[in-house]
Every structure is written in structure tokens, then in C-alpha cells.
Amino acid sequence: MIKFKNVWKIYKLDGEIEYQALKNINLEIKEKEFVSIIGPSGSGKSTLMHLIGLLDKPTKGEILIDGKNVAKFSDDELSTLRNEFVGFVFQQFNLIPKLTVLENILLPTIYARKKLTYDPRKKALDLIKKFGLSGKEYSYPNKISGGQQQRVAILRALIMEPKLILADEPTGNLDSKTGIEIMNLLKKLNEKEGITIVVVTHEADIAAYGKRIIKIKDGEIVRN
Amino acid sequence: MNYFLFVVKAAIEDFRRNKTQTFLTSLGILIGVFAVVMLTALGLGLKQYINDQFAALGKNTIFLVPGKILSGGSFNATSALASIKFDNRDLLRLKRLKEIREISPIFSKQTTAKSEKKSEDTTIIFSSEAFFDINGFKIKKGRFFEKADIDKKAKVVVIGPKLAEKLFGSVEAALDSKVSANNINFIVIGITESKGGGGFGGPDYDNYMFSPYTTGFIFNTAKTYSRFAIKFDENYSIMDVKETIKKEFLKRYDEDSFSIIEPGDILSAVNSIFGILNMVLVAIASISLVVGGIGIMNIMFVTVSDKTKEIGVRRAIGARKKDILVQFIIESTILSILGGFLGLTLAYIGTLIVQKFFPAYIDVSSVVLALGVSSAIGIIFGVFPAKRAADLEPVEAIRYE
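Conventions and cut-offs
Residues numbered from 1 in each chain as written. Chains lettered and ligands numbered in written order. Predicted model: local features only at pLDDT ≥ 70, side-chain atom pairs only at ≥ 80, totals over all residues. Heavy atoms only, no water. pLDDT = per-residue confidence, 0-100. Helix = DSSP H or I, 4+ residues; strand = E, 2+ residues; numbered from the N terminus. Core = buried A, V, L, I, M, F, W, Y, C linked by side-chain atoms within 4.5 Å. Buried < 20%, exposed > 50% of the residue type's maximum accessible area, 1.4 Å probe, protein only. Contact = heavy atoms within 4.5 Å. Pairing = 2+ DSSP bridges. Phe/Tyr/Trp six-rings, centres within 6.5 Å; stacked < 30°, edge-to-face > 60°. Lys NZ or Arg CZ within 6 Å of the ring centre and 35° of its normal. Axes fitted to C-alpha atoms, helices over the stretch in contact; angles between N-to-C directions. Parallel < 35°, antiparallel > 145°, perpendicular 65-115°, else oblique. Left-handed = near helix turned anticlockwise from the far one by under 90°. Nonpolar A, V, L, I, M, F, W, Y, C, P; charged D, E, K, R; others polar.

> Hey, could you go over the confidence of the model for chain B for me, with residue numbers and the actual values?
In the predicted model, chain B carries a mean pLDDT of 87, and the fraction of residues at 70 or more is 94%. Confidence, expressed as mean pLDDT per element, reaches its minimum in chain B at helix α3 (residues 77-81) of chain B with 51 and its maximum at helix α12 (residues 308-316) of chain B with 95.

Have a look at this one:
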């Protein structure tokens, strides 16, 4: 589904000094996989995640999505892919504070360019019920707990029925019990719904949920 | 859900949470719209008032004044000052013309009128009995002076209602009372109905006194007139009458020494003067709209930088550059329209208050203009901040803390 071929990401600091965030990365993520990317901070795992999530483009090398080179896509096409193909889950949840839970979940659908085969509002309400957030539909994010906020973020990622969910330190801002709940939820989505999951973390026990663990250090994959 | 409604709802929720900031931001537009609408309302009221005043002049009236005051519908101030004065020879000349029915020779004097108790600065207009008819005066109490008063050089005055109240306490008390001006005693024989006016609205006739011109020669030994108001026979066209008078006066004066004016000429001249004045004022007031727009632009730049993370999140879940651009333009436009709407409301209240003292009207076009201009400002001044927001790199925006 996603293939990295000799991917480099190089930042120019102060115009002169080069910083190699990713060095010659080769990796493939197949459909319905559950992959953990683990590495200490500064290892380049966030950069890797941004590349997988189509938020960024590589300096060198190719990223192929279903065989198509990402570099050839326009900004609008990349936006469409992010909208339809990927669902993001962030460490700080990143819900929009002035939108209600329901509106936050619906947000990706207002940017949708394809005709949805379902009624988004009905689907959002179904998801809310299914994921134990009933009664919170019209609450604002600051009125619900961290675990609930992260569940809302996961529902926002699910609403467009993506093939891939990309979770960046999804448990980083949660207590361990809630963190386990969230990870089990992701695991269930992978097993029951067949959604590809990529989790980026620095914690080994979180990474352990993955069926495959990619270890990254100093911009290089040290174990796959 | 409709994208537009979604964005508008989010923007309004945002503003609801930052009421003070929102209000202060739209204050510039508020003041600008208020000033523009208010000035336009006053300009319209003034125009209406002047037109009403001229409508009261009646038909078949023309004026003969010294100098070339009006040329091509605009006002020529210099030649109005340096000019001849009319005298009895001119009056006789006019009286001989068959086209003319009534002539009111006019001159005036600034003076201090004294009753037994009080004194007031005023203007006496010396004229004939035709003056009242030509100018559309109505009597409230007593009578106007007549031909007999003119022949007798009677020391009588008709006074305006405001002056009557100031000098005598009431209109009733004024009638048949004595009033003196420059140590000459006059009897008040009549009080006119109020004609409004004063300030910008023409002569303040309610505070004037009117007396026979023959009586006025006490103060005007040269027996000159500053103008003639003429009512002509309706069987003649205004063009013919003007031509006849012109021919007659050219025997004595050169062409630049006098003007024959129809009320329509004065009206269009006055309208053009006030039109220009009003345009200048509105243009000055419009500057505050621009300043208001810059205020909005400034706040929008702050908002964009405050919302960098949000922009990143929106981009991550599929928003295109265009979507972000539209979102911020809508936000600035709402801010601006909000200011415009509040300014309009304030101007409406202001107009209601002003109407108690002075005519003022808000017409549909100024409402449309105010809201149109404020939304245009929102869009124009919103574009730059919105462009900055849209051009943020998704990865930079999402990393932003």
C-alpha cells in the first residue's frame, strides 16, 4: 500500500548546515498491517510519520501510494488523499475547540470532494454510540476527559472510512489505563475492520501492540 | 453539512468566545459606517429641506440680483461681492413692464431689537407687501403690512415667531407691542407662522423682522436695494420674462452687473454646493472605514498565527489551500459586516435623535452601500491574512506549538 524507496529527508539549518532527518529509508507497509514505529525523540520518527501521512515530501527518493509516486501529486490531490485515504490521530488530540464533538467528527466530511455513500451525520452519531460517547455529541472538547477526546479524534479519523490510520504518540497525553483502552481500540479496528494502523511511539509497551515493529534511530531503520 | 454554514457557525462560535476582542476589532468599521451613513442622512435631510423651502416660493417667481452670481449652475462668490446696487430707477423700470405682476424690492439691516424688557440681535428685511406672498409666508397673528403702510411709510413690523417669544414671552403678547431698532419705534402688527430654517437651512426667518421698504429708507438714505423678488404674469413664459427684463436692464448696466435667477437655478446651485460638501465629508469619513479595515487585517494576521495548529490539523484531515483561504475570508467578512451592522444601527438611532432638531433620512441606498462596503472591506483586508494561512506548509503548521 505504501512503499518508501531510498527516501531521504534533509533539512537545511541556517542555509548552510544540513541536517539529515531520514537517511535512505526503504520500507513497505501492506494493507491490514498493524505497524509500530519506535524510536527515541529526535530519531526521525515524526518526520517519517509526516511523510507517510502525506503532510510532507521527501528530499530524495520516492514514496509510492498504491504504486503512484506522491511527488507527482498536486497540493489539492494530496489534500484529497489525506482526506480519503489517511486518518490522523495525534498526541494532543488536536480537536477544534470551538466545534462540538459531533462537528469535530464531521469536519473531514465537509472537505470531502467525493460523493459520500452514507449520510455523514447519521454515521457520526452511530460511531458516537458505538464508541461509548453517547450524550457528548454537543459537548465542546474542553468539557470532556482526555480519553474521550482521543476517542473523538479516532472517530474523526474513521468518518471518511480510510484505509490507513496514522497515530502519533496516541497515548502520550493519557494515563496508562486510558492509554491501554485506546490501544485496544486501535487493535480492534485493525482486526475487525481491517484498517491498516501505523503507530508512532517511543514507548516499548505501546509499540508491542504492533504485529511488526520498526525501530528507528538517527534517521535510519535499525530493525524491521 | 454545508461547508459555508459550517465555517460561518465556527466563526460565530469563535467570536462568541472572544466578545471583547471581536467588538474592538469591528469598532473601526462600526465608526466608519456610522459616520458615513450619518453624514449621508444629514446631507439627504438638508437637501430635502432646501427643496421644500424652494417649493414654498411659489410659481412664476424670479429674482433680480446685482453681479453675476450664478454662472453655469455654480456659485461665483467674487462677483457677488463687487457689484452695483439697484435703486428706484430700476424699480420704476420694472414696474412699467407688463409681464410683471408684483415686485418686492428688498434690502436688509442687522440690528438689535428692543422690547420693554429684552433686546435681541436680529435682521430687519425691508420690502413691499408682495414679499410675503412671493416667499410663501403665512400669518399666525395680526396681519402683514399692506400697500397703504408702504405709502404712509408706517413704522410697523411683522416679526418671526421665535423672535416674538424671545422679546415678548409669547406670540400673543407680541401683537400690538412696541419694539425699537436703532432708536426708532415700531409697532408689531403681525407675527408669521414658523418657517423653520436657520443654520444650514437658509435664512432664519423665524428670528427676523419685516418692515415696509419706504420706512427702511430711514436707515438707507441712498434708497438702494440689494435685490428684487418678482412675480410675473403666468401668461408669459419664464424665458420671455427673463429676456424682457434683461433687455430693459442692459440699457443701464452691462451684462455682468446683474443676474436674473429662477428658483430652480438657486436650487441646483445650492444642491451642487451641498452635494460637494457632503461628498467631501463622506470621503473623509470613509478614511475611517479604511482604518477599520486595516484593524481587521491586523487582527486576522494575529488570528492566523494563533490558529496555526488548527490550520495544520485541518490540512491534515483534507482541507485544501482554497478551503483555508475561504475560511479566513469568511471570518474577516463576518467581523466587518458585524461592524457595519452595528454602525448602521447606531446611525439609525443617531438619525432618530437628530430628527428632533434637524431633518435627516437614511435611505435604502445608504443601507445597501454601508453593508456592501463593509463586506467588501472584510474580503479585501481578509485576503492577505487568509493567503498567509492557506500558504502555510501543512507539516510546519501541525508541528507548531
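Picking up where we left off.
> Quick rundown of the nonpolar core? Include the residues and the values.
Residues and elements named next belong to chain B. Within the largest apolar cluster, 59 residues are counted, with the highest numbers of intra-cluster contacts made by Leu-64, Leu-94, Ile-159, Phe-210 and Ile-245. Those residues within four positions of Ile-159 in sequence are excluded, and the remaining contacts are Ala-164, Phe-168, Ala-174, Val-188, Gly-190, Ile-191, Thr-192, Tyr-208 and Met-209. Membership of the second largest hydrophobic core comes to 40 residues, among which are Tyr-3, Val-7, Ala-285 and Ile-377.

> Can you explain the sheet that holds strand β2 (residues 17-29) of chain A? Please cite residues and give values.
An order of β2-β1-β4-β5 (chain A) is seen for the 4 strands of this open sheet, with the pairing classed as antiparallel. Looking along the sheet, the strands with just one partner apiece sit at the ends: β2 and β5 (68-69) of chain A.

> Let's hear about the environment of Ser-366 of chain B: which residues, and what values?
All names here are of chain B. Along the chain, the position of Ser-366 falls in helix α14 (residues 364-390). Residues Ser-366 and Val-36 lie 330 residues apart in sequence; the distance between their C-alpha atoms is 8.5 Å. Apart from residues lying up to four places away in sequence, Ser-366 is in contact with Val-37 and Thr-40.

> Describe the packing of aromatic side chains, naming the residues involved and giving the relevant values.
If you walk through the whole model with that rule in mind, you get 27 aromatic pairs over all chains. In textbook terms, an aromatic cluster arises when at least three aromatic residues are bridged by ring pairs, as seen for Phe-86, Phe-107, Phe-126, Tyr-213, Phe-217, Phe-219, Tyr-225, Phe-228, Phe-249, Tyr-253 and Phe-258 of chain B. The ring of Tyr-118 of chain A carries Lys-123 of chain A above its face, with NZ or CZ at 5.0 Å from the centroid.

> Run through the pairing of strand β8 (residues 178-181) of chain B, naming residues and quoting values.
All names here are of chain B. Alignment of strand β4 (residues 100-114) against β8, held across 2 bridges, turns out to be antiparallel. Its bridge partner lying in β8, Lys-114 is registered against Ser-180. Taken together, the 4 bridges between β8 and strand β9 (residues 184-192) define a ladder with antiparallel strand orientation. When the bridges of β9 are listed, Lys-178 appears paired with Ile-187. A loop of 2 residues connects β8 with β9, the two strands running antiparallel in sequence, and Asn-182 in this loop sits at a positive phi of about 50 degrees.

> Quick one: what's the story with the packing of helix α4 (residues 88-95) of chain B against helix α10 (residues 238-250) of chain B, residue by residue and with numbers?
All names here are of chain B. The N-to-C vectors of α4 and α10 enclose an angle of 140 degrees; their axes lie 11 Å apart at closest approach. Relative to α10, α4 is oriented oblique. As for the relative orientation of α4 and α10, their crossing is right-handed in sense. Across the interface between the two elements, Asp-90, Arg-93 and Leu-94 of α4 pack against Ile-245, Glu-248 and Phe-249 of α10. Classifying every residue of the contact of α4 with α10 gives 3 nonpolar, no polar and 3 charged.

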